[in-house]
Every structure is written in C-alpha cells, then in structure tokens.
Amino acid sequence: MRVDVFVVGDNEGYVVAPSDSWLPLDEMRALGALRFGWTIDTGLAMPKLDWRAIGNDIDARGYSIVASTDVSGLLAIPQQNLPAIYPEQHRPMAA
C-alpha cells in the first residue's frame, strides 16, 4: 500500500493516509498545522511500526496518527539494505 505522510505542527507527530485520499478537514484542523511530508510504499518501510494497527486505523477512520518518536518507522529502508535477488542463488525447480 502506498501512503502519504503528513507532518503535524513542528514535527510533533505524523498523519498517515492512503495516497491521494481526502483527509477530514475538521479533524485535521484540530491537530493544528499540517503539511505534506512524503509518500512511501509500506512494503519498503522500516519494519519498526505496527503497520497492522495503522491499517486498522485507516480502515476505521481513513487515516492514522503516528507519534513523532516513530518517524524512523515511516522512512524507507536504505537501498543497500534491501534484499537483492541473484539468479545464481535460485535454482530452477524440478517439475
């Protein structure tokens, strides 16, 4: 799933919502200043957050709020740490 991450105030927290979705204006005003931060594919995100709970929040209300201390979980895994598929490591399966 691709999600947009919005920064609340002065990096006080983050709002996570599906990409290109509408956020409820009244609820976002209650949070204070909100600005777009970045978009991330959750499959490439750092595995430091409970993405299942975030998904449940999104299903229930259309967005999730993440604490500012969890920003590292909202970032992509550095490319050098992504597993690469090398053909020589994968033998053909017998029929």
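One can find the structure itself at the top, above this paragraph.
What you are looking at is a predicted structure, and each value in this text was computed from that prediction instead of being measured.

Conventions we followed
- Along each chain, residues carry numbers from 1 onward, in the same order as the chain's sequence is written.
- Two thresholds apply to this predicted model, a pLDDT of at least 70 for residue-level local features and 80 or more for giving and counting side-chain atom pairs, whereas whole-chain, interface and lining totals are computed over all residues.
- Here the side-chain values reflect all heavy atoms present in the structure, with hydrogen atoms and water set aside.
- Helix numbering and strand numbering both begin at the N terminus, where a helix is a DSSP run of H or I of at least 4 residues and a strand a DSSP run of E of at least 2.
- By the convention used here, residues are in contact when the closest approach between their heavy atoms is within 4.5 Å.
- Exposure categories follow from relative accessible area, calculated using a 1.4 Å probe and restricted to protein chains: below 20% of the type maximum is buried, above 50% is exposed, and the middle band is partly exposed.
- Here a strand pair is declared whenever DSSP counts at least two bridges between the two strands.
- Under the counting rule used here, the positive set is Lys and Arg, the negative set is Asp and Glu, and His together with the chain ends is not counted.
- By definition here, a salt bridge exists when the distance from a side-chain nitrogen of Lys or Arg to a carboxyl oxygen of Asp or Glu is within 4 Å.
- Any N or O atom pair separated by 3.5 Å or less is treated as a polar contact, with the protein-specific requirement of one donor-capable and one acceptor-capable atom, and with residues adjacent in sequence counted only for side-chain atom pairs.
- By nonpolar core we mean a set of buried residues, namely Ala, Val, Leu, Ile, Met, Phe, Trp, Tyr and Cys, connected to one another through side-chain atoms within 4.5 Å.
- Pairing of aromatic rings covers Phe, Tyr and Trp, the last through its six-membered ring, and needs centres within 6.5 Å; plane angles under 30 degrees mean stacked, over 60 mean edge-to-face, and all others mean tilted.
- Either the NZ atom of lysine or the CZ atom of arginine qualifies as a charge over a ring when it sits within 6 Å of the ring centre and within 35 degrees of the ring normal.

Colleague: Tell me about the side chain of Ser 64, and name the residues and values.
Modeller: By the element assignment, Ser 64 lies in strand E4 (residues 64-67). If we skip the residues at most four places from it in the chain, Ser 64 touches Tyr 14, Val 15, Val 16, Ile 54, Asp 57 and Ile 58.

Colleague: Summarise the pairing of strand E2 (residues 13-18); cite the residues concerned and give the values.
Modeller: Extensive coverage of E2 is indicated by the burial of 5 of its 6 residues. Counting the residues between successive antiparallel strands, the hairpin from strand E1 (residues 2-8) to E2 contains 4 residues, one of them, Gly 9, with a positive phi of roughly 55°.

Colleague: Go over the side chain of Asp 4 with me, naming the residues and quoting the values.
Modeller: Within the element layout of this structure, Asp 4 appears in strand E1. The side chain of Asp 4 sits in the buried core without any salt bridge; Arg 2 is the nearest counter-charge, 6.4 Å away. Within polar-contact distance, the side chain of Asp 4 engages the side chain of Thr 39 at 2.7 Å. For Asp 4, the residues in contact, after removing those within four places along its chain, are Val 15, Val 16, Ala 17, Pro 18, Ser 19, Asp 20, Phe 36, Trp 38 and Thr 39.

Colleague: Just give me the short version of the nonpolar core, but keep the residues and values in it.
Modeller: Counting 13 residues, the largest nonpolar core has Val 16, Trp 51, Ile 54, Val 66 and Leu 74 as the members making the most contacts within it. Secondary-structure elements contributing two or more residues to this core are E1, E2 and helix H2 (51-61). Setting aside anything within four residues of it in sequence, one finds Trp 51 in contact with Val 3, Val 16, Thr 42, Ala 45, Met 46, Gly 73 and Leu 74. Counting residues in hydrophobic clusters, the runner-up holds 6 residues, among them Phe 6, Ala 17, Met 28 and Tyr 63.

Colleague: Give me the lowdown on the packing of aromatic side chains, citing residues and values where you can.
Modeller: Within this structure, the stated rule accounts for 2 aromatic pairs. Relative to Phe 36, the ring of Phe 6 lies with its centre 5.7 Å away and its plane at 75°, an arrangement referred to as edge-to-face. Here the residue Phe 6 occupies a position in strand E1, and Phe 36 occupies one in strand E3 (residues 34-41), the gap between them amounting to 30 residues. Looking at Phe 6, the relative accessible area reads 16%, which means it is buried. What makes Phe 36 partly exposed here is its relative accessible area of 48%. An angle of 55° between the planes, with centres 5.9 Å apart, marks the rings of Tyr 14 and Trp 38 as tilted. Remark: Trp 38 occurs in strand E3 and Tyr 14 occurs in strand E2; sequence separation between them is 24 residues. Judged by its relative accessible area of 23%, Trp 38 is partly exposed. The residue whose ring lies beneath Arg 61 is Tyr 63, and the NZ or CZ to ring-centre distance is 4.9 Å.

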